[in-house]
Amino acid sequence: MQTPQLTDKPPDPFYTALYTVLARVPAGRVITYGQLAALAGRPGAARWAGRLLRALPNDTQLPWHRVVAASGKLSLPAGSDAANRQRTRLEAEGVVFRGERIRLAHYRWLAE
DNA sequence: TCTGTGACCGCGG
DNA sequence: ACCGCGGCCACAG
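Residues numbered from 1 in each chain as written. Chains lettered and ligands numbered in written order. Predicted model: local features only at pLDDT ≥ 70, side-chain atom pairs only at ≥ 80, totals over all residues. Heavy atoms only, no water.

Where an unreviewed UniProt entry is consulted, chain A appears under the name MGMT family protein, with the organism given as Gilvimarinus japonicus.

Go over the packing of aromatic side chains, please, and point to the residues and values.
A full pass over the atoms with the stated rule returns 0 aromatic pairs. Directly above the ring of Trp48 sits Arg42, whose terminal nitrogen or CZ lies 5.1 Å from the centroid. Lying over the aromatic face of Phe97, Arg87 brings its terminal NZ or CZ to 4.0 Å of the ring centre. (Phe/Tyr/Trp six-rings, centres within 6.5 Å; stacked < 30°, edge-to-face > 60°. Lys NZ or Arg CZ within 6 Å of the ring centre and 35° of its normal.)

Can you break down the pattern of salt bridges residue by residue, with the values?
Throughout the structure, instances matching the rule amount to 2 salt bridges. Notably, a salt bridge pairs Glu93 with Arg66, separated by 2.8 Å at the nearest N-O pair. Separated by 27 residues along the polypeptide, Glu93 in the loop between α4 (81-92) and β3 (97-98) and Arg66 in the loop between α3 (46-54) and β2 (67-68) bring together distant segments of the chain. (Salt bridge = Lys/Arg side-chain N within 4 Å of Asp/Glu carboxyl O. Helix = DSSP H or I, 4+ residues; strand = E, 2+ residues; numbered from the N terminus.)

Residues and numbers for a positive patch on the surface, please.
Together, Lys73, Arg98, Arg101 and Arg103 line one region of the surface with positive charge. Topologically, Arg98 is positioned in strand β3. Looking at Arg98, the relative accessible area reads 57%, which means it is exposed. (Patch = residues over 30% accessible without salt bridge, like charges linked within 9 Å, V, L, I, M, F, W, Y side chains within 5 Å. Areas by Shrake-Rupley, 256 points an atom, 1.4 Å probe, with all protein chains shown as cover. Lys, Arg positive; Asp, Glu negative; His and termini not counted. Charge placed at Lys NZ, Arg CZ, Asp CG, Glu CD. Buried < 20%, exposed > 50% of the residue type's maximum accessible area, 1.4 Å probe, protein only.)

Can you tell me about the confidence of the model for chain A, naming the residues and giving the values?
Scored by pLDDT, chain A has a mean of 90; 88% of the residues are at 70 or more. For the stretch residues 1-8, pLDDT sits under 50, and the model shows 0 contacts to residues farther than four places along the chain or on other chains. (pLDDT = per-residue confidence, 0-100. Contact = heavy atoms within 4.5 Å.)

So what about the protein's contact with DNA strand C? Which residues, and what values?
Near DNA strand C lie 7 residues; those nearest to it are Arg42, Arg47, Trp48, Arg51 and Arg101. Taken together, the sugar and phosphate atoms account for 65% of what DNA strand C places within 4 Å of the protein. Arg42 is positioned with one of its side-chain polar atoms (N or O) 2.4 Å from a phosphate oxygen of DNA strand C. At 3 residues, α3 tops the list of elements feeding residues into the surface near DNA strand C. Of the residues in the surface near DNA strand C, the class split is 2 nonpolar, no polar and 5 charged. (Near = heavy atom within 4 Å. Polar contact = N/O pair within 3.5 Å; in protein donor to acceptor, adjacent residues only side chain to side chain. Nonpolar A, V, L, I, M, F, W, Y, C, P; charged D, E, K, R; others polar.)

Give a description of the protein's contact with DNA strand B that names residues and reports values.
DNA strand B sits among 13 residues. The nearest are Tyr33, Gly34, Arg47, Ala70 and Ser75. Near the protein, within 4 Å, the atoms of DNA strand B are sugar or phosphate in 38% of cases. Between Arg47 and DNA strand B, the recorded distance is 2.3 Å, taken from a side-chain N or O atom to a base nitrogen. In this structure, Ser75 approaches DNA strand B through a side-chain N or O atom, which is 2.9 Å from a phosphate oxygen. Mapped onto the surface near DNA strand B, the elements with two or more residues apiece are α2 (33-39) and α3. If one sorts the elements of the surface near DNA strand B by residue count, α3 sits on top with 5 residues.

What follows is the structure in structure tokens.
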């Protein structure tokens, strides 16, 4: 039995909830940070959701690219490698952009 | 403690 | 349609 490190922080039960919700987002659709947080049980914690995505490992299997800003644009720095990867992945799934923005139909599917 | 910062959000102007 | 601002949660210095 390893002695637990004192620096270990207690696991946040909401982490799992957010990952579960994210894993449920179907290809070809997107979700906003705010919606993601709310569905994970933390309404109003959009920034918190963004922080968790930021912390994801580069080789994660989760569909991180399906999370976009409420404005319909990508939140990653425009022109960055990450932003380009995100857009490429989304378009490969059939997500259509109108300029920098994603069509409303792609992120208005939750209200069903 | 207080302050700044960020893969955010909504309301006004 | 584009900003500016205040509000939001968590962490770093």
